[in-house]
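# What the coordinates show
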Amino acid sequence: MISSQPQSSQENVARRSAQFKPWRNFSEYIWVAPAFIFVLFFTFYAAAYAIWLSFYDYSLASPVRPFIGTENFQRLFQDAEYWQSLRRSLLFVAIDVPLTVGMGFALALLLNQPIRGRWLYRSLLLLPWVISLVIAGYMLKWIFAENTGILNYLLSLAGIAQVPWLSSDAGAFATVVIAHAWRVYPFGMVILLAGLQGISKELYEAAMIDGASGRQRLIHITMPLLTPQFLILLILRTLLAFNMVDLIFTMTGGGPGNATSFLSYMMYQRAFSYLDLGYAAAIGVTIFAINIVLALVYFYVLRRNSA
């Protein structure tokens, strides 16, 4: 009996190694190949091409496109508009991410309660996420229009003067923040609601027996157990907010002046309005580098949290 145990384990290892032959399941790789090629082409090739393009004076208005080395980056770091756009982008991210995550968390807590018609509330609160960001931008632009918008019309009925939502610097920036938060809060709500439903109710019952208040249960049970969801949500929301173009394009066009011209929109404008693809690619490379730094910070925090 003693000698048969090693022999049986060796037989199992031999059987498993005989079964592990990737070429026998070649059809599985064929099914995965289209998605892999798609990601490879539109991610890695596009990034490599943008880096290559940033070293050329590449303009669609000129047939001559010479190699200029790092001149685009030197021009970029001396461009005051670039630094202003970067500051606006960072300010937008600093306001938008806590706001959208906070809204999502509050609504997730509410929808996790045993209230009547909960399925209906969930469906209604998910509607903004279903709407295309471009369509949402045009719709919100009509709502916030100063002279013809429905919001100022309702304010006038209440005896309140018209608010320059899109015609003043501060108003346009605040409007973009409000519009974007309304559009994307369901994303955080869904992720955090899924995390809440994965927490055992026995933990809350035990805490209630020990006399813990609702606030104490929230701080000491709910939020620590939702840490992975919070971290994932923060990095995704940061990257998506930092790279937003479509809402700016449809609502404000970067105006008034350059009040809502974020870094991603500046890149779009240089490429498709001024046709200066080399300079736009240099801006894109800096955005790519900032995204990498943010992702590395995320992985460091996540790894430290899970250690």
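Residues numbered from 1 in each chain as written. Predicted model: local features only at pLDDT ≥ 70, side-chain atom pairs only at ≥ 80, totals over all residues. Heavy atoms only, no water.

This next bit is on the overall build of the protein. Per the secondary structure count, the protein includes 15 helices and 0 strands. Taken against the 2.2 N^0.38 rule, which gives 19 Å for 307 residues, the C-alpha radius of gyration of the protein at 26 Å runs more than 25% over that of a compact globule. If you line up the protein on its principal axes, its C-alpha atoms span 90 × 65 × 35 Å. Per-residue burial over the protein gives 35% buried out of 307 residues. Looking at the protein alone, contacts between residues at least 24 apart form 67% of all its contacts between residues at least 6 apart. Counting 20 positive and 14 negative side-chain charges, the protein places the averaged centre of each group 9 Å from the other. (Helix = DSSP H or I, 4+ residues; strand = E, 2+ residues; numbered from the N terminus. Rg over C-alpha atoms; globule rule 2.2 N^0.38 Å. Buried < 20%, exposed > 50% of the residue type's maximum accessible area, 1.4 Å probe, protein only. Contact = heavy atoms within 4.5 Å. Lys, Arg positive; Asp, Glu negative; His and termini not counted. Charge placed at Lys NZ, Arg CZ, Asp CG, Glu CD.)

Turning to the environment of L236, a few remarks are in order. Within the secondary structure layout, L236 lies in helix α12 (residues 227–242). The exposure class of L236 is partly exposed, given its relative accessible area of 34%.

As a further point, take the nonpolar core. Within the largest apolar cluster, 47 residues are counted, with the highest numbers of intra-cluster contacts made by F92, M244, M251, F262, L263 and I283. Contributions of two or more residues to this core are made by α4 (80–111), α7 (133–144), α9 (169–197), α10 (201–209), α12, α13 (246–251), α14 (263–272) and α15 (277–306). Discounting residues that sit within four places of it in the chain, M244 has contacts with F92, V176, H180, F262 and S264. Within the second largest apolar cluster, 7 residues are counted, among which are Y58, A271, L277 and A280. (Core = buried A, V, L, I, M, F, W, Y, C linked by side-chain atoms within 4.5 Å.)

The contact between α4 and α9 brings their axes to 6 Å, and the two run at 45°. For the element pair α4 / α9, the angle class is oblique. Between α4 and α9 lies a crossing whose hand is right-handed. (Axes fitted to C-alpha atoms, helices over the stretch in contact; angles between N-to-C directions. Parallel < 35°, antiparallel > 145°, perpendicular 65-115°, else oblique. Left-handed = near helix turned anticlockwise from the far one by under 90°.)

Before going further, it helps to spend a moment on the pattern of salt bridges. By the definition in use, this model includes 3 salt bridges. One salt bridge connects E81 with R270, and the closest N-O pair in it is separated by 2.8 Å. Of this pair, E81 sits in helix α4 while R270 sits in helix α14, and the two are 189 residues apart along the sequence. Each of the two residues, E81 as well as R270, counts as buried. Its salt-bridge partner being D96, residue R237 comes within 3.7 Å of it at the nearest N-O pair. Note that R237 is positioned in helix α12 and D96 in helix α4, a separation of 141 residues in sequence. The exposure classification of R237 matches that of D96, with both residues buried. (Salt bridge = Lys/Arg side-chain N within 4 Å of Asp/Glu carboxyl O.)

Moving on, we get to the packing of aromatic side chains. Summed over all chains, the structure comprises 18 aromatic pairs. Each ring, one from F105 and one from F230, has its centre 5.2 Å from the other, and the planes form 70°; the classification is edge-to-face. With F105 in helix α4 and F230 in helix α12, the pair connects residues that are 125 residues apart, well separated along the chain. Taken together, the ring pairs in this structure connect F38, F41, F42, Y45, Y49, W52, Y56 and F67 into an aromatic cluster. Here the basic side chain of R65 rests over the ring of Y58, its NZ or CZ set 4.4 Å away from the ring centre. (Phe/Tyr/Trp six-rings, centres within 6.5 Å; stacked < 30°, edge-to-face > 60°. Lys NZ or Arg CZ within 6 Å of the ring centre and 35° of its normal.)

What makes D96 buried here is its relative accessible area of 0%. Leave out the neighbours within four places in its chain, and D96 touches V177, H180, A181, R237 and A241.

Cis geometry is found at the peptide bond from G255 to P256, where omega equals -5°. For P256, the position within the fold is in the loop between α13 and α14. Of note in this structure, L275 is not a glycine but carries a positive phi near 60°.

Chain-level pLDDT for the protein is 84 on average; 90% of the residues reach the 70-or-more range. Overall, residues 1–7 carries pLDDT values under 50, and its contacts beyond four positions in sequence, including any with other chains, amount to 0 contacts. (pLDDT = per-residue confidence, 0-100.)

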